[in-house]
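So you can see what is in the structure, the chains are spelled out below.
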2 protein chains.
Amino acid sequence: MSDQLRPAGAAEQLDREAPVPLHAQVSEQIRARIMSGEWPPHYRLRSEPELAVDLGISRGTLRRALSTLIRDGLLVQVRGRGTFVTSTAIEPSIAQKLTTLSEDFARQGVAVSTQVISHELISAPSPVAALLDLRPGQSVLRLERIRSLSPGPVARLVNYVRVDLAPGLERADLTDRSLFGLLENEYGLKISTGRRTFTATAASGATAAALEVPESFPLLYLEQITYLDDGRPIEYSDVWIHSERMRVTSLLSRR
Amino acid sequence: MSDQLRPAGAAEQLDREAPVPLHAQVSEQIRARIMSGEWPPHYRLRSEPELAVDLGISRGTLRRALSTLIRDGLLVQVRGRGTFVTSTAIEPSIAQKLTTLSEDFARQGVAVSTQVISHELISAPSPVAALLDLRPGQSVLRLERIRSLSPGPVARLVNYVRVDLAPGLERADLTDRSLFGLLENEYGLKISTGRRTFTATAASGATAAALEVPESFPLLYLEQITYLDDGRPIEYSDVWIHSERMRVTSLLSRR
């Protein structure tokens, strides 16, 4: 057992005579550690019995202190793994699973708003046509959207979707719907695999304006090709992400 | 069957009377499509029978043309999936699997050089100490390295490793070895899971200098925590990636 908490003297600072209840003093101390960065995002707290002994308080008092911080969104408990400092950033797992941003947001209970900037049939531009296995000039749906969270816009998405495989998609309302969900549920397409590539890029032009950042602001840039189960490509997209507002996370296993 | 090749008139341009053999004319045409971006990286060529019919050549001639381009590294054949235009960028799968850059490079047969910039025991800085479950001030190995490919430096890595779990690691030579390999093979540690977060950041100071880019150049920034099978954290690292020279790719499945 390490004595990680002792050097900072948390236990000594508790005032058992003060009018502020002990659990509130403990939750304020933990809050200060989180805010100062001493306990950074993803830091795993020691077990409740260990923490209670270190702080010289009962487990009941500790639990009340922790529940305040959980309610405030500073801590999160994961069954079987422990109590963690939450990340201040939204962290979609789009590098790890073939989910979409809207699916990730929905799963995490994050309120997101979507603005459809344009939604039109165009003649497939040359590299997109090749990646989607279309003839140059064949019709494709170009869908441009901005996704925003409460701090502001987090992603500019430009999707190119094969309308020969999803006829009428140009008339669907994609404001509040997942594109993948629509393709799977309305068109019965079986989305199977995807390739996503992540690079860093400097914001410019329409992207800088859409994400409300200055020119040259560093953005995460995601290029994606999605395939159906029969191997046909269904969709290509360019996504620019404001990664200070939304960090891309992968939980990985060694084997 | 689409007639994707016809609009560009590839077949018409073949000169059966020319002194240049037909297979060489075909490989030059395909090379031009790749170089022009008409067939972008990851583009899947149509099947050999279809391509041969479209070009009006025998499958033997087509195979000779393709084998030239495979030998030159412009195309790659994946068993059961087809023939693809190779990516010009190195694409480690560090967003997808808990591998290290050196393991990925080795698997892809990419020649990489590593420069160890510093390799020393330090007193664990506060957020790193918390993430590694150490007391503030406890000793940790700080390892700083630059990885380079032929176009130049591609990543600056700063690892913090728990030497209480790997005693003597500060004396190991890490110039040509994988850190994970060393921990697993020499110390018998079972590396199990990891969390990696990807953001975009502006190059500055030591990182800009190490990667030979101007200040503010957009870089991919990876933060990683690695855990052993018993749940103890073993390593934390900061990695800055020149993503024009090395793109991070994930191949994902929907289910």
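Just above sits the structure.
Here the structure is a predicted model, which means the values were calculated and not measured.

**Let's talk about the pattern of salt bridges**
Any two side chains of opposite charge can pair if their charged atoms end up close together. According to the stated counting rule, one finds 22 salt bridges over all chains in the structure shown. Between B:Glu48 and B:Arg59 there is a salt bridge, with the nearest N and O atoms lying 3.7 Å from each other. Of this pair, B:Glu48 sits in helix α3 (residues 48-55) while B:Arg59 sits in helix α4 (residues 59-71); the two residues are eleven residues apart in sequence, bridging distant segments of the chain. With a closest N to O distance of 3.4 Å, B:Glu170 and B:Arg171 form a salt bridge. Overall, the relative accessible area of 23% leaves B:Glu170 in the partly exposed class. Counted as one network, the salt bridges with shared partners bring together A:Arg46, A:Glu50 and A:Asp54.

**A word on the sheet that holds strand β7 (residues 218-228) of chain B**
Hydrogen bonding along the main chain pairs the strands of a sheet, whether they run parallel or antiparallel. Read across the open sheet, the seven strands follow the order β9(A)-β6(B)-β7(B)-β8(B)-β5(B)-β4(B)-β3(B); overall the sheet is antiparallel. The sheet is open, and its two borders are formed by β9 (248-253) of chain A together with β3 (113-123) of chain B, each paired with just one other strand. The mean inter-strand angle of the sheet, taken between neighbouring strand axes irrespective of direction, is 15°. Pairing of β3(B) with strand β4 (residues 139-149) of chain B, which is carried by ten bridges, proceeds in the antiparallel orientation. Each bridged residue has a counterpart across the sheet, and for B:Leu121 the counterpart in β4(B) is B:Leu141.

**Comments concerning the relation of the copies chain A and chain B**
Superposing chain A onto chain B takes a rotation of 180° combined with a translation of 0.0 Å along the rotation axis, leaving an RMSD of 0.1 Å. The transformation relating the two chain copies, once decomposed into turn and shift, fits a two-fold axis. A shared binding surface is used by both copies, with 100% of the interface residues of chain A retained as interface residues in chain B.

**What about the pairing of strand β8 (residues 233-241) of chain A?**
Residues and elements named next belong to chain A. The buried fraction of β8 amounts to nine of the nine residues, a majority that puts the element mostly inside the structure. Sheet topology places strand β5 (residues 152-161) next to β8; seven bridges connect them, and they run antiparallel. Pairing of Ala155 across the sheet is with Ile241, part of β8. Alignment of strand β7 (residues 218-228) against β8, held across eight bridges, turns out to be antiparallel. Along β8, the bridge assignment pairs Ile225 with Tyr236.

Cut-offs applied
- Residues numbered from 1 in each chain as written.
- Chains lettered and ligands numbered in written order.
- Predicted model: local features only at pLDDT ≥ 70, side-chain atom pairs only at ≥ 80, totals over all residues.
- Heavy atoms only, no water.
- Salt bridge = Lys/Arg side-chain N within 4 Å of Asp/Glu carboxyl O.
- Helix = DSSP H or I, 4+ residues; strand = E, 2+ residues; numbered from the N terminus.
- Buried < 20%, exposed > 50% of the residue type's maximum accessible area, 1.4 Å probe, protein only.
- Pairing = 2+ DSSP bridges.
- Axes fitted to C-alpha atoms, helices over the stretch in contact; angles between N-to-C directions.
- Least-squares fit on C-alpha atoms with pLDDT ≥ 70 in both.
- Contact = heavy atoms within 4.5 Å.

Remember, this is a structural readout, not a statement about activity or role.
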